[in-house]
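# A structural walkthrough
The lines below spell out each chain.
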Amino acid sequence: MPTELENIKAEVKDLNFYYGDVKALKGVNLKIPEKKVISLIGPSGCGKTTLLRCFNRMHDFYTNHSHTGEIILNPEGVNILDRKIDPIEVRMRISMVFQKPNPFPKTIFENVAYGLRVRGVTKRSVLLERVEKALTVSALWNEVKDRLDQQAFNLSGGQQQRLCIARALAIDPEIVLFDEPTSALDPIATARIEELVSELKKEVSILIVTHNMQQAGRISDYTGFMYMGELVEFGDTDKIFTNPKEKLTEDYISGHFG
Amino acid sequence: MELKTNYKRQLLINKIFDVFFKYLGLFFLICALIALLALIGNLVSEGFGRLSFQFLSSFPSRFADKSGILSAWVGSFAVMLMTALFAIPLGVASGVYLEEYAPKNKITTFIELNITNLAGVPSIIFGLMALGLFVYKMSLGQSIITAGMTLGLLVLPVIIVTTREAIKTIPVHIREASYAVGATKLQTIRYHILPYSAGGIITGIIIAMSRAIGETAPLITIGALTFIAFLPASPFISQAPFVSTQWMFDPFTVLPIQMFNWVSRPQEDFHTNAAAAGLILIVFTLTLTAVAIIIRNYFRKRIKW
């Protein structure tokens, strides 16, 4: 478990989540330490993406769901799942990278600048500076610096995903959520994204959902194993992979099911 | 062995049907094309000789050779402008509201169903409604604004439906990407939904306009004049504020009504005039359709997910 010495960026408390009558999350408790990478692994339909999408209130766009419990965001200690909290404010602090690269059909520059534009930044020099910084951190700057005005869909899949990461970073988020960010990419592009995630944790807290257990092992400080809506086990990545406490975790990691 | 021969025989039959239907389809297509060409050919052979500057710049007259379509094409143009001013904001806003804001419940479904039904209501019904509501209740008279609003209502369902269809083609992951960086609904509509669906929406608007330009029945119902020898007031005036809305309240005629008027006369020369006016109307419509296609291709090239 994260030690008491670390700053806790966010904390999930007794979270239950329902799609209609189906209970998708069952009493999840989880602490997200600051500037670490946390992986969530587990078989399809275990609730890991549902949990991830709670963090930036993505469920708000769909009907027929409900929840009990809290996600506390520090340092203020606000419950971001509270109906009184504006989801837009939550998304300004917690951004997300999706499973499939989803750049806007706009220029490379406008894609990264979009999060700033919705905040009312219009000064070209400020936009340019922030876009360059975000693209540099996303390891894309050198590849695209001469063609910022070209359409983003002309980039390769891996480049598109790094562009989406730049878009998520340009707004200086406190937490970045990754929903299986490499599942649509080839191994080389995947390796680059993984390197990138390891670099990013110097700046932000990262919560990443992945199907790929090796990936979780390579990049994360802490790993949570989810099964049927429950967080079965959560702890240091090394411990989870070498010496899990739960039989279920061991079975999943050694490939007995999943 | 038996199975194999059966199989070959069946294949032969299938192939014969295949070829048969291919040529049957081609035959019907050619029939339709011939009918269309004959129609246009007839108009051209009858009316083309009558087209001249005099024809475009003269008012109708008792004498066929002195008649022209000046008041008709100016009227058509003014009515189209009014229709567009009325129908585009209403139609696009309704489409965006229904697709983006409306709660998904039974009332919304009921409204959607009725909008689709409205598209199938005969145009003369719109004319009757407009006569009662715009001409008498709202005292707008038999004016360009009445005509514009009538035709606007008539094509409103087309614009609403095409707007919604265009918006529906935008993938969910693009919307989510916008919301995920903290955009509001309005920002998402302004920066993504409208720009990406603009091609489809504009195409729908133009299709709607090319339907409106040929409408006759509702305009006759509201009392458009069939013989008119003056133009609506100029929209520009010499004193401040230099623009005037007087033209909206002037009487008018439109191309199809002028044609109808000429066709119903016994003299052969007026029929020639009608054919020439018909040619102008077809050129109008074809131009609009061509513009729609160009705009659609322009936007398609720019949008890729």
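Conventions adopted
- Residues numbered from 1 in each chain as written.
- Chains lettered and ligands numbered in written order.
- Predicted model: local features only at pLDDT ≥ 70, side-chain atom pairs only at ≥ 80, totals over all residues.
- Heavy atoms only, no water.
- Helix = DSSP H or I, 4+ residues; strand = E, 2+ residues; numbered from the N terminus.
- Rg over C-alpha atoms; globule rule 2.2 N^0.38 Å.
- Buried < 20%, exposed > 50% of the residue type's maximum accessible area, 1.4 Å probe, protein only.
- Contact = heavy atoms within 4.5 Å.
- Lys, Arg positive; Asp, Glu negative; His and termini not counted.
- Charge placed at Lys NZ, Arg CZ, Asp CG, Glu CD.
- Core = buried A, V, L, I, M, F, W, Y, C linked by side-chain atoms within 4.5 Å.
- pLDDT = per-residue confidence, 0-100.
- Axes fitted to C-alpha atoms, helices over the stretch in contact; angles between N-to-C directions.
- Left-handed = near helix turned anticlockwise from the far one by under 90°.
- Nonpolar A, V, L, I, M, F, W, Y, C, P; charged D, E, K, R; others polar.
- Pairing = 2+ DSSP bridges.

## Focus on the overall build of chain B
In terms of helices and strands, chain B carries 11 helices and 0 strands. Relative to a compact globule of 305 residues, whose C-alpha radius of gyration would be 19 Å, chain B shows 25 Å and is clearly more extended. Projected onto its principal axes, the C-alpha coordinates of chain B cover approximately 85 × 60 × 35 Å. Buried positions account for 42% of the 305 residues belonging to chain B. Sequence-distant contacts in chain B: of pairs separated by 6 or more residues, those separated by 24 or more amount to 74%. In chain B, 23 positive and 13 negative side-chain charges are present, and the distance between their average locations comes to 8 Å.

## Details of unusual backbone geometry
Trans peptide bonds make up most of the peptide bonds, and negative phi angles are found at most residues other than glycine. All names here are of chain A. For the peptide bond that leads from Asn74 to Pro75, omega is 10 degrees, which places it in the cis range. Among the structural elements, Pro75 can be located in the loop between strand E4 (65-73) and strand E5 (78-79). Look at Asp172: it is not a glycine, yet its phi comes out positive at around 50 degrees. Within the fold, Asp172 resides in the loop between helix H6 (157-169) and strand E7 (175-179).

## Things to note about the nonpolar core
One finds Ile69(B), Val79(B), Leu219(B) and Phe252(B) to be the most contacted residues of the largest nonpolar core, which totals 68 residues. Counting residues per element, the ones that place at least two in this core are helix H3 (70-101), helix H5 (123-137), helix H6 (144-168), helix H7 (172-180), helix H8 (185-212), helix H10 (255-263) and helix H11 (268-302) of chain B. Among the elements that take part in this core, H6(B) stands out by supplying 12 residues, more than any other. Ignoring sequence-local partners within four residues, the contact set of Val79(B) consists of Ile144(B), Ala147(B), Gly148(B), Leu151(B), Phe252(B) and Val254(B). Listed in part, the 35 residues of the second largest apolar core include Ile32(A), Ile38(A), Ile80(A) and Leu177(A).

## Some words on the confidence of the model for chain B
Mean pLDDT over chain B stands at 89; residues scoring 70 or higher make up 98%. Predicted complex metrics record ipTM = 0.89 and pTM = 0.83.

## What about the packing of helix H3 (residues 108-117) of chain A against H6(A)?
All names here are of chain A. Packing of H3 against H6 brings their axes to within 6 Å, and their N-to-C directions diverge by 35 degrees. Judged by the sense of rotation from one axis to the other, the crossing of H3 with H6 is right-handed. Of the residues in H6, those touching H3 at Ile108, Asn111 and Val112 are Leu163, Ala166 and Arg167. Broken down by class, the residue content of the contact of H3 with H6 amounts to 4 nonpolar, 1 polar and 1 charged.

## Things to note about the sheet that holds E5(A)
The strands that make up a sheet pair up through hydrogen bonds in the backbone, lying either parallel or antiparallel. All names here are of chain A. One open sheet holds the 4 strands; their spatial order is E2-E1-E4-E5, and the pairing between them is antiparallel. With one partner strand each, in any of the chains shown, strand E2 (22-33) and E5 form the two edges of the open sheet. As paired elements, strand E1 (residues 8-19) and E2 share 8 bridges and run antiparallel to each other. Among the inter-strand pairings, Ala10 is bridged to a residue of E2, identified as Ile32.

## A word on the pairing of strand E9 (residues 222-227) of chain A
Residue and element names in this part refer to chain A. Buried residues dominate E9, accounting for 5 of its 6 residues. Judged from the 4 bridges that link them, strand E3 (residues 37-41) and E9 form a sheet pairing that is parallel. Across the sheet, Ile38 pairs through a bridge with Tyr222, a residue of E9. Judged from the 6 bridges that link them, E9 and strand E10 (residues 230-236) form a sheet pairing that is antiparallel. For Gly224, the partnering residue across the bridge sits in E10 and is Phe234.

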